[in-house]
Structure formats: structure tokens, C-alpha cells
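# What the coordinates show
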Amino acid sequence: METFIILVKLLCAHLCSDFIFQTDSINKGKRKSGVAGIGYLLLHSAIHALTAYLFVSEWSCWQVPTVIFVSHFVIDLVKYKCCEDSLCTFLIDQVCHLIVLVALFFVFWGEDLDSICLNSTYTSKIWIIAMAYVLMLRPSSILLGLFLDKWTPSSPNTQSLPNAGQWIGYIERVLILTFVLIGSIEGVGFLLAAKSVFRFGELNKAKEIRNTEYVLIGTLASFTLAILTGIGVTHLI
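Keep in mind the model is a prediction, meaning the values are calculated, not measured.

## Side note on the packing of aromatic side chains
- Enumeration over the complete set of coordinates arrives at seven aromatic pairs.
- Where Phe105 meets Phe106, the ring centres are 5.5 Å apart and the plane angle is 75 degrees; that geometry is what we call edge-to-face.
- By relative accessible area, which is 1% here, Phe105 ends up buried.
- Looking at Phe106, the relative accessible area reads 47%, which means it is partly exposed.
- Ring geometry for Phe147 and Trp151: centres 5.5 Å apart, planes at 80 degrees, overall edge-to-face.
- Judged by its relative accessible area of 36%, Trp151 falls in the partly exposed class.

Here it is as C-alpha cells:
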């Protein structure tokens, strides 16, 4: 097994466990006080450990899922007991988890770093691309939501479809990433123009200037995140 694939799998396992396998009930349960909250934290940490163990598939290396389980539990416990939800808290939390994963990689597989060769590892490319698409879904949605939180209108539009904005964001970022990866960057411009046309009716009203600016910030932030991710992936593979 190429060494680099292990690191990519660890990162991919983290993204899947934190943003796909983590249900709303688990996310809310972790915030509860007392035994109930601890139980949800233990469940969430166990999911991380098991996913990493299955993704890496180094069956004799039981220390890795053990460290992931303990570290994730401690980091999340400190986060929910001592910090408020914010963009800064989210980023620090993710950085702490990533530091643990990178440290594990260097401790257990660091001696094989000479075998890392991205250009000759087809499997690594598949895992990197898969990880990029996972990033474009819930992780990006949460990150953008925290970034836009201070500008979010106090009275949301009750006429919009449930979760429509979230799914629009998912689809547009997936399309942008795809356009960048296949080298059709003009598709991004077409997508931005199409979205602007659909939004023109509600954004050209002077009295809706706050909503206009909110939508523009959200759109540009979403596009920027997807484009930078695509550029990063193309350079890696």
C-alpha cells in the first residue's frame, strides 16, 4: 500500500464521520448535559474510530482507532463544555482533529515517506477526488453557515422550500468542482450567470439591499471555496 493513501484515507474517514455519518440527533445529543451528552460523545467518537479503522484497513494497527477515539472524545468534550458555536471554534476544532490524524500518520508510517509519489498513485487520486466532493457537501455548508451567521436575516423567508438553499449550495459546489477538475472553467461563469438570472427579480429591488448583499456574499464565498478546492485537487493529482 502506498504510504500517502493512508493519510488520505484517515482524512476522508474524518470527513465522513464528522459530516455524513453524524446525524442531527447525534449532533444535538452531544450538546446535552450529564450522562446523555457523554453517551452521544462516546457514540460519535466510536464512529470516528471504527470508520478510520475500516478505511485504513491496517487490521493489526489497533492503536490508531484507539487514539482517534480518545482524542476525538476529549477535543469534542472541551469544545461543547467550554466554547460557544462560532466559526473560530469550528476551525480550531477541525485543526485539532487534523493534527491528531497527521501525527498518527507520521508516528506509524513516517518511516515510509520516501514511497510517497502522487503522480504514480492512481488510487490516491481517486481518494483525493472523493474527499474533495465530500468537502463540497455538509462540511462546506457548515463552514459557510458559520461564516455568514452574523449577516443572516433575523426573519427568514417562510415562502422558500425547506432546505432548498442548502441543496442549491451542494449542487452548485459539486458542479463547480467538476468543471474545474475537467478543465471547463467557463462552466463556472455560465453557472454564475444562470444563478444571477434566476435571482435578478428579487435582487434588483433597492429595499432588499440587505438580502441582496447577503446572497452575493454567500454565493461568492461558495464559488470561491469550490474553485480553490478544485485548483488544490488538480495540483495534487
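## Description of the environment of Gln22
- Its location among the elements puts Gln22 in the loop between helix H1 (3-19) and helix H2 (24-29).
- Judged by relative accessible area, Gln22 falls into the buried class, the value being 6%.
- Residues Gln22 and Leu43, spaced 21 residues apart in sequence, show a C-alpha to C-alpha distance of 9.7 Å.
- What Gln22 contacts, discounting residues up to four positions off in sequence, is Ser17, Asn27, Lys30, His44 and Arg138.

## Quick notes on unusual backbone geometry
- A positive phi angle is found at Ser57, which is not glycine, with a value near 60 degrees.
- Within the secondary structure, Ser57 sits in the loop between helix H3 (34-56) and helix H4 (63-82).

## A look at the packing of H3 against H4
- At a minimum axis distance of 8 Å, the contact between H3 and H4 shows a crossing angle of 145 degrees. For the pair H3 and H4, the crossing hand works out as right-handed. Residues Gly34, Ile38, Leu41, Leu42, His44, Ser45, Ala46, His48, Ala49, Ala52 and Tyr53 of H3 lie in contact with H4, whose contacting residues are Pro65, Ile68, Phe69, His72, Phe73, Asp76, Leu77, Tyr80 and Lys81.
- Its residues assigned to classes, the contact of H3 with H4 comprises 13 nonpolar, five polar and two charged.

## Considerations on a nonpolar patch on the surface
- Among the surface-exposed residues, Leu50, Leu54 and Trp59 lie close enough to one another that they form a single nonpolar patch of about 330 Å² accessible area.
- Judged by relative accessible area, which is 49%, Leu50 ranks as partly exposed.

## Some points on the side chain of Asp18
- Among the structural elements, Asp18 can be located in helix H1.
- Although Asp18 lies buried, it forms no salt bridge, and the closest oppositely charged side chain, Lys30, sits 5.0 Å away as judged by the N-O distance.
- At a separation of 3.1 Å, a polar atom in the side chain of Asp18 contacts the side chain of His48.
- A polar contact of 3.0 Å, which involves the side chain of Asp18, links it to the side chain of Gln94.

## Describing the side chain of Asp76
- On the secondary structure map, Asp76 appears in helix H4.
- Residue classification places Asp76 among the buried residues on the basis of a relative accessible area of 2%.
- Separated by 3.1 Å, the side chains of Asp76 and His97 make a polar contact.
- Discounting residues that sit within four places of it in the chain, Asp76 has contacts with Lys30, Leu41, His44, Asp93 and His97.

## Some points on the packing of H4 against helix H5 (residues 87-109)
- Where H4 meets H5, the closest approach of the two axes is 11 Å, and the angle between their N-to-C directions is 160 degrees. Looking at the two axes, H4 sits roughly antiparallel to H5. For the pair H4 and H5, the sense of crossing is right-handed. The segment H4 lies against H5, with Gln63, Val64, Val67, Ile68, Ser71, His72, Ile75, Asp76 and Lys79 engaging Thr89, Asp93, Cys96, His97, Val100, Leu101, Leu104, Phe108 and Trp109.
- Here the contact of H4 with H5 is composed, by residue class, of ten nonpolar, five polar and three charged.

Rules used throughout
Residues numbered from 1 in each chain as written. Predicted model: local features only at pLDDT ≥ 70, side-chain atom pairs only at ≥ 80, totals over all residues. Heavy atoms only, no water. Phe/Tyr/Trp six-rings, centres within 6.5 Å; stacked < 30°, edge-to-face > 60°. Buried < 20%, exposed > 50% of the residue type's maximum accessible area, 1.4 Å probe, protein only. Helix = DSSP H or I, 4+ residues; strand = E, 2+ residues; numbered from the N terminus. Contact = heavy atoms within 4.5 Å. Axes fitted to C-alpha atoms, helices over the stretch in contact; angles between N-to-C directions. Left-handed = near helix turned anticlockwise from the far one by under 90°. Nonpolar A, V, L, I, M, F, W, Y, C, P; charged D, E, K, R; others polar. Patch = residues over 30% accessible without salt bridge, like charges linked within 9 Å, V, L, I, M, F, W, Y side chains within 5 Å. Areas by Shrake-Rupley, 256 points an atom, 1.4 Å probe, with all protein chains shown as cover. Salt bridge = Lys/Arg side-chain N within 4 Å of Asp/Glu carboxyl O. Lys, Arg positive; Asp, Glu negative; His and termini not counted. Polar contact = N/O pair within 3.5 Å; in protein donor to acceptor, adjacent residues only side chain to side chain. Parallel < 35°, antiparallel > 145°, perpendicular 65-115°, else oblique.

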